[in-house]
Structure formats: C-alpha cells, structure tokens
Amino acid sequence: MYVKQVFSIWRLLKGIWIGVLVVTAYATLVFYLFSYQHWHFLSFPISIITILGTALSLLLGFRTNSAYDRWWEARKSWGEIVNDSRTLVRQSISFISAEKDEKDAYISHIAHLQIAWCYALTNSLRREPVLVYADLHLNAQEHEYVASQDNMPNAILNLIQFKISELHDQGKMQTLLYQNIDQTLQRLCDAMGKCERIKNTVFPTQYSFFVVLVIFIFTLVLPMGLVESIGRIAIPITFIISFLFFYVEWIAYILQNPFENGPNDIPMTSLSRTIEINLLQLIKADKIPEKILPKNGVIM
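Residues numbered from 1 in each chain as written. Predicted model: local features only at pLDDT ≥ 70, side-chain atom pairs only at ≥ 80, totals over all residues. Heavy atoms only, no water.

Undergrad: Kindly report on the overall build of the chain, identifying the contributing residues and their values.
TA: Counting its regular elements, the chain contains 10 helices and zero strands. For the chain, the succession of helices and strands along the chain, N to C, is α-α-α-α-α-α-α-α-α-α. Projected onto the principal axes, the alpha-carbon positions of the chain cover approximately 95 × 35 × 30 Å. Taking the contacts inside the chain whose residues are at least 6 apart along the sequence as the reference set, 74% of them involve residues at least 24 apart. Total accessible area computed for the chain in this model is approximately 16100 Å², and 61% of it derives from carbon and sulfur atoms. (Helix = DSSP H or I, 4+ residues; strand = E, 2+ residues; numbered from the N terminus. Contact = heavy atoms within 4.5 Å. Areas by Shrake-Rupley, 256 points an atom, 1.4 Å probe, with all protein chains shown as cover.)

Now the structure itself:
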C-alpha cells in the first residue's frame, strides 16, 4: 500500500496511456477533417456532450464507490484481526489457571499459533505459498496437519480451538471464560471469511467493460462537440478529459482487488508483523522482530 504521495507521470499514465493516446489521435484527426477537409457534419451540439458527460460522471462515481467499498471492507477486516489477535492472547494470559511455567508454555503456544494464522491468511489471500513465515511458529506435528488441509489458515484456527478446548476440559479454564475466548475465535473466523469472500467474489466484469465502453464512446464524441467552437484547442481538452475519466476508472479497477500483492494492496504482511511483535511482547519473548518499513513509498 502506498504510504506517501509520489508524483510520477509514468505512474499516472501507466495502465491508461494507450486509451488516452488513441483518443487524442482521434481528436487530432477530427480537427484536421473538420478544419481542412471541411467535413462540417462532424460537428455535434454541445448539449449532447453535456448530457453524456453527466451520465458518465454518475456511472463512474457509482463504479468508484463500489470498488472503494470492497477495499475499505478488506481493511476493516484486517483491523478486526489485529484487535482480536491481541485480545486472544490477553484473554489467554488472564483466563488460564495453571502453574507459572506451565501457564507460560500454554500462552506461548497459543500466541505462536495466532501469529502463524495471520501469516498463513496473508499468503493464502495473495495466492502465495501459504506456510511461508507461518511455519516458523508451528512444530513438526502441527506443520504436517496444516499442510494436509485445503484451507490452511482455517486448520491453524482449528489448532487454537483444540488447545483452548483441551485447557477447558482439563479444568484450567472456567466455562464462562472459555465462552468469551471462543467468541474471540469466532470473530477471527468471521474476519477470515470476509476476506475470502472479497478475494473469491469477482467484481462484475460486464459492468467494468460497460464503463470503459461508455468512456470510449464519450471521448470519441467529445471532440466533435468542441471542434467548431474552440478549434485546435479541442485536442488538448480531449486529452485532459479522457485522461481524467480513464484514470478514475483505472483507480476503481485497482481498488476492487485489495489482495493482489500490488502497491495498492492491503498491507497484510506489515499488519501480520505488527501482530507478531505485539504478541511476542505480551508473552515476553526473547527475540522480537523489527517492524517492516516502507520501500519506495510502498509497504506490503
């Protein structure tokens, strides 16, 4: 995710430059035919352009809002994961009743499983090897169990549930407290489900195609409505307006997929590292990793 504003002409034009150049070349052709070949039938009433532009603006506004809603829901889900991860370990510290060394071992185990779950969920959403970083917090038996499952993050969550249930069955956690920590695990599962829904639900491709098609139609008609009144100035005006419309559509396209490991992605790796640092500090671990810092204005 971008963490600072970096101005770059190439970054602005990347992904839309072909469409903008095609439209600008077309506007140049319209001006030439109208002014030098006297094709006056190419002139359109400006009122038509105004109506089309208004309709396109409304359409683009809805498109952008829909894409941003997906991105923001993904970010809120990871905010919930951060909070509930801390809550899970804090509850473990308060709720587990055992001798100090034994209690510390139980809490440490739960904390490492939760860290592994965060990294596994991150990699799963990005379609990367799931157990990278997560395997550092799993023992051999747990690694074998998780690797055998289709949904590895869910398998790690099951391991946490098994451990909590085992402590309850052994009388090391009261029933009411067990129910509270079970609700925390349920919220973690709900957040995982939200992220998976966003990842696996494709934004309607027909809608995206229709918006791009309408932009092309509008930008092709635009120079016809301007060439008679402002002449050659219609060319740069067409370039600017087409650039704005295509760029807004491109922003919406980027935002609608928040788990694609790109610069506008939700910074899940950084959030997972933050969770790891917080949980390791809670259990007073000896080695605490460093925070992930932005590179070239981007943090992943």
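Resuming the write-up.
Undergrad: Summarise unusual backbone geometry; cite the residues concerned and give the values.
TA: One non-glycine residue, Tyr 133, lies in the positive phi region at around 75°. Looking at the element boundaries, Tyr 133 is found in the loop between helix H4 (100-125) and helix H5 (140-147). One non-glycine residue, Lys 284, lies in the positive phi region at around 60°.

Undergrad: Give me the packing of H4 against helix H10 (residues 268-282): which residues, what numbers.
TA: In contact at an axis separation of 10 Å, H4 and H10 are set at 180° when each is read in the N-to-C sense. Our classification of the angle between H4 and H10 gives roughly antiparallel. Note on element contacts: H10 touches H4 through Met 268, Thr 269, Ser 272, Arg 273, Ile 275, Glu 276, Leu 279 and Leu 280, opposite Ala 111, His 112, Gln 114, Ile 115, Cys 118, Tyr 119, Thr 122 and Leu 125. Taken together, the residues of the contact of H4 with H10 break down into nine nonpolar, five polar and two charged. (Axes fitted to C-alpha atoms, helices over the stretch in contact; angles between N-to-C directions. Parallel < 35°, antiparallel > 145°, perpendicular 65-115°, else oblique. Nonpolar A, V, L, I, M, F, W, Y, C, P; charged D, E, K, R; others polar.)

Undergrad: An account of the environment of Lys 100 is needed here, citing residue identities and associated values.
TA: One can find Lys 100 in helix H4. In this structure Lys 100 comes out as exposed when scored by relative accessible area, which is 60%. Residues Lys 100 and Thr 238 lie 138 residues apart in sequence; the distance between their C-alpha atoms is 73 Å. (Buried < 20%, exposed > 50% of the residue type's maximum accessible area, 1.4 Å probe, protein only.)

Undergrad: Lay out the nonpolar core with the relevant residues and their values.
TA: Core analysis: the largest hydrophobic core is formed by 56 residues, its most contacted members being Trp 78, Trp 117, Met 173 and Phe 259. If you list the elements that add at least two residues to this core, you get helix H3 (46-95), H4, helix H6 (152-169), helix H7 (175-200), helix H9 (234-255) and H10. Here the element with the most residues in this core is H4; it accounts for 13 residues. Residue contacts for Met 173: discarding those within four places in its chain leaves Phe 95, Ile 96, Ile 164, Leu 167, His 168, Tyr 178 and Ile 181. (Core = buried A, V, L, I, M, F, W, Y, C linked by side-chain atoms within 4.5 Å.)

Undergrad: Could you give me a rundown of the environment of Phe 210, with the residues and numbers involved?
TA: Relative to the assigned elements, Phe 210 resides in helix H8 (residues 205-230). Under the relative-accessibility criterion, Phe 210 is labelled partly exposed at 43%. Sequence spacing of Phe 210 and Leu 59 is 151 residues, and the spatial spacing of their C-alpha atoms is 9.9 Å.

Geometry only, nothing functional implied.
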